Amino acid sequence: MTAECKPQLPNAKPSHTGPLAGEAITRSTFDQVMVPNYAPAAFIPVRGHGSRVWDQAGREYIDFAGGIAVTSVGHTHPKVVKALTDQANKIWHVANVLTNEPALALAQSLVEKTFAERVFFCNSGAEANEAALKLARKVASDNFPSSGAMHGETEKCEIVACLNSFHGRTLFTVSAGGQPKYSQGFGPLPGGIRHVPFNDIAALTAAVSDKTCAVIVEPIQGEGGITAATKEYLHAVRELCDKHQALMIFDEVQSGAGRTGSLYAYMNCCAVPDILTTAKGLGGGFPIGAMLTTEKWAAHFGVGSHGTTYGGNPLACAVSLAVLDIVSAPETLKNVNLRHDQFFMALNEMNRKYNVFKEVRGQGLLIGAELVEKWAGRGKDFVAACAKQGLLILIAGPNVLRFAPSLLITSEDVEQGMKRFDSAVADLLASETSVAA
Ligand SMILES: *Cc1c(COP(=O)(O)O)cnc(C)c1O
């Protein structure tokens, strides 16, 4: 046996520099054992309740970030904890060779509350969009087959998507997304995708043709900077899709599950999509995604055409059913609208004092504050300044501060959080002046 063939112990490393298992876990552990595709903050949260989070040192934070629009009913909501633990004591996983009660109950509830007649469950927003885009291709391939093409490819394969949009990080969804920085370096990318400027009806009309199988759009662009589609634009998408027999896909991964003050944003604009994708807030922190559609389109996903091992997992669905029950309640949606007004008033008032925002915009509890020229590109510095004051906020691109708290956040938490935000901005401005001086 040559030296090269000797079996290697799985943990044999030339020079082991990482921490030993059992050593204290700190932020520096991240740099030792994790793939460096994220740059998390210096502290590690360990506990949460409602809109408050505590880190390893016991410091408290008010949560205006909501785990990126995910913890829609706050942390450790008693009804959701009960749903999770009840289900944990029953059955966790059966895979899709069997069905399960929580998945069927959740699907029933989504069908009852939305335009949908059929539901496909998966585990994330990207997977929901992947399913939506695949379904649109399949519908076109079934209805408009091109003779002799490989894989049933059809001329009618084009997907029209918007610049600056975000649809997830699988190769198909990152290609559909309109931010080249996310697909850079991952080519060759799937073909048949055209991008058009967002909210530009003329460009959309020019791009959509009989070759289009789907138009995918976020009713309000989240990652792209909290920019809402105009009603006219969404109506134009609907009309063009009808005219060219293309499917209209609404990506409501971020805007859905009550976030905008309606259960889904399409309900505000009176344009009903053929397919809607939902994730993030739907699970309130437990990973789940869903693709909603009608019976007619669903029929094209026949047995074996698409699938996932975990999609419709009983734990995820039991949690999501409890979350959906809360976020669809009129009291919750009313709170979203009240807190929206409170956020807008507070942010605009602060802006009169500090003059840092070009615009405050958004719907419900998906709010963006775009920084003025002087602070352009400095969103991260605001996030860090807020953390120092015990406040979690987000950015949406380098120039927009984003707020996506729990839909149940109280007026007291918003008020206190805004005080911390005020201190953070004051700090940042003061440190800037002292640097300049
Ligand atoms: C977050 C997001 C996604 C991707 O969801 P993941 O769960 O991260 O895969 C897709 N679309 C929109 C609009 C999103 O905000």
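As shown above, the structure is provided for reference.
Everything quoted here is computed from the prediction, not taken from an experiment.

## Description of the overall build of the protein
Moving on, step 1. A tally of regular secondary structure across the protein gives 14 helices and 17 strands.
Moving on, step 2. Scaling as 2.2 N^0.38, a compact globule of 437 residues should have a C-alpha radius of gyration of about 22 Å, and the protein matches this with 23 Å.
Moving on, step 3. The proportion of buried residues among the 437 residues of the protein is 51%.
Moving on, step 4. Working note: accessible area of the protein is about 21,000 Å², and carbon and sulfur atoms make up 57% of it.
Moving on, step 5. Across the protein, the mean location of the 38 positive side-chain charges is 3 Å away from that of the 41 negative side-chain charges.

## Side note on the packing of helix 3 (residues 78–88) against helix 11 (residues 314–327)
Moving on, step 1. Helix 11 packs onto helix 3 with a crossing angle of 155° between their chain directions and a minimal axis gap of 9 Å. Looking at the two axes, helix 3 sits roughly antiparallel to helix 11. Classified by chirality, the crossing of helix 11 by helix 3 is right-handed. On helix 11, the residues that touch Lys79, Val80, Ala83, Leu84, Gln87 and Ala88 of helix 3 are Pro314, Leu315, Ala318, Val319, Ala322, Val323 and Ile326.

## What to know about empty space enclosed by the protein
Moving on, step 1. On inspection of all chains with the given rule, the structure shows two cavities of 30 Å³ or more.
Moving on, step 2. In this model, the largest cavity occupies a volume close to 40 Å³.
Moving on, step 3. Forming the walls of the largest cavity are His93, Val94, Ala95, Asn96, Leu98, Asn100, Thr309, Tyr310, Gly311, Gly312, Asn313 and Pro314.
Moving on, step 4. Residues that form the lining of the largest cavity fall into these classes: five nonpolar, seven polar and no charged.
Moving on, step 5. Estimates place the volume of the second largest cavity at around 30 Å³.

## Here's the deal with the packing of helix 4 (residues 101–113) against helix 11
Moving on, step 1. Helix 11 packs onto helix 4 with a crossing angle of 35° between their chain directions and a minimal axis gap of 8 Å. Here the hand of the crossing between helix 4 and helix 11 comes out left-handed. Contacts between helix 4 and helix 11 pair Pro102, Ala103, Ala105, Leu106, Ser109, Leu110 and Lys113 from the former with Pro314, Cys317, Ala318, Ser320, Leu321 and Leu324 from the latter.
Moving on, step 2. Residues belonging to the contact of helix 4 with helix 11 are distributed by class as follows: 10 nonpolar, two polar and one charged.

## Notes on the sheet that holds strand 15 (residues 391–392)
Moving on, step 1. Read across the open sheet, the four strands follow the order 1-2-3-15; overall the sheet is mixed. One side of each edge strand has no neighbouring strand; the edge strands of this open sheet are strand 1 (45–49) and strand 15.
Moving on, step 2. Of the strand pairs in this sheet, strand 2 (residues 52–55) and strand 3 (residues 60–63) are connected by three bridges, and their pairing is antiparallel. Within strand 3, the residue paired with tryptophan 54 across the bridge is glutamate 60.

## Here we look at the nonpolar core
Moving on, step 1. Residues Leu204, Phe403 and Phe421 are the most contacted members of the largest nonpolar core, which totals 81 residues.
Moving on, step 2. Split by domain, the residues of this core number at least three in each of domain 1 (11–70 + 330–436) and domain 2 (78–327).
Moving on, step 3. In this structure phenylalanine 421 touches Leu347, Met350, Phe357, Cys386, Leu391, Ile393, Leu401 and Phe403, once residues within four positions along its chain are discounted.
Moving on, step 4. One finds Ala131, Leu135, Ala214 and Met291 within the second-largest nonpolar core, a separate group that totals 24 residues.

## A look at the pattern of salt bridges
Moving on, step 1. Enumeration over the complete set of coordinates arrives at 19 salt bridges.
Moving on, step 2. In this structure, arginine 52 and aspartate 413 form a salt bridge, with 2.5 Å as the shortest nitrogen-oxygen distance. A residue pair is termed long-range when its members are at least 10 positions apart, and arginine 52 in strand 2 and aspartate 413 in helix 14 (residues 411–436) qualify at 361 residues.
Moving on, step 3. You can call aspartate 413 buried: its relative accessible area is 12%.
Moving on, step 4. Between glutamate 223 and arginine 402 there is a salt bridge, and its shortest N-O distance comes to 2.9 Å. Separated by 179 residues along the polypeptide, glutamate 223 in the loop between strand 8 (220–221) and strand 9 (227–228) and arginine 402 in strand 17 (residues 400–403) bring together distant segments of the chain. As far as the burial class goes, glutamate 223 and arginine 402 line up, both buried.
Moving on, step 5. Through salt bridges with shared partners, a single network forms among Lys358, Glu359, Arg361, Glu370 and Glu373.

The rules behind the values
- Residues numbered from 1 in each chain as written.
- Predicted model: local features only at pLDDT ≥ 70, side-chain atom pairs only at ≥ 80, totals over all residues.
- Heavy atoms only, no water.
- Helix = DSSP H or I, 4+ residues; strand = E, 2+ residues; numbered from the N terminus.
- Rg over C-alpha atoms; globule rule 2.2 N^0.38 Å.
- Buried < 20%, exposed > 50% of the residue type's maximum accessible area, 1.4 Å probe, protein only.
- Areas by Shrake-Rupley, 256 points an atom, 1.4 Å probe, with all protein chains shown as cover.
- Lys, Arg positive; Asp, Glu negative; His and termini not counted.
- Charge placed at Lys NZ, Arg CZ, Asp CG, Glu CD.
- Axes fitted to C-alpha atoms, helices over the stretch in contact; angles between N-to-C directions.
- Parallel < 35°, antiparallel > 145°, perpendicular 65-115°, else oblique.
- Left-handed = near helix turned anticlockwise from the far one by under 90°.
- Contact = heavy atoms within 4.5 Å.
- 1 Å grid on protein atoms, 1.4 Å probe; cavity = no way out; pocket = protein on both sides within 12 Å on 5 of 7 lines; lining within 4 Å.
- Points joined across faces, edges and corners; volume = space filled by probe spheres on them.
- Nonpolar A, V, L, I, M, F, W, Y, C, P; charged D, E, K, R; others polar.
- Pairing = 2+ DSSP bridges.
- Core = buried A, V, L, I, M, F, W, Y, C linked by side-chain atoms within 4.5 Å.
- Domains from an automatic or database assignment.
- Salt bridge = Lys/Arg side-chain N within 4 Å of Asp/Glu carboxyl O.

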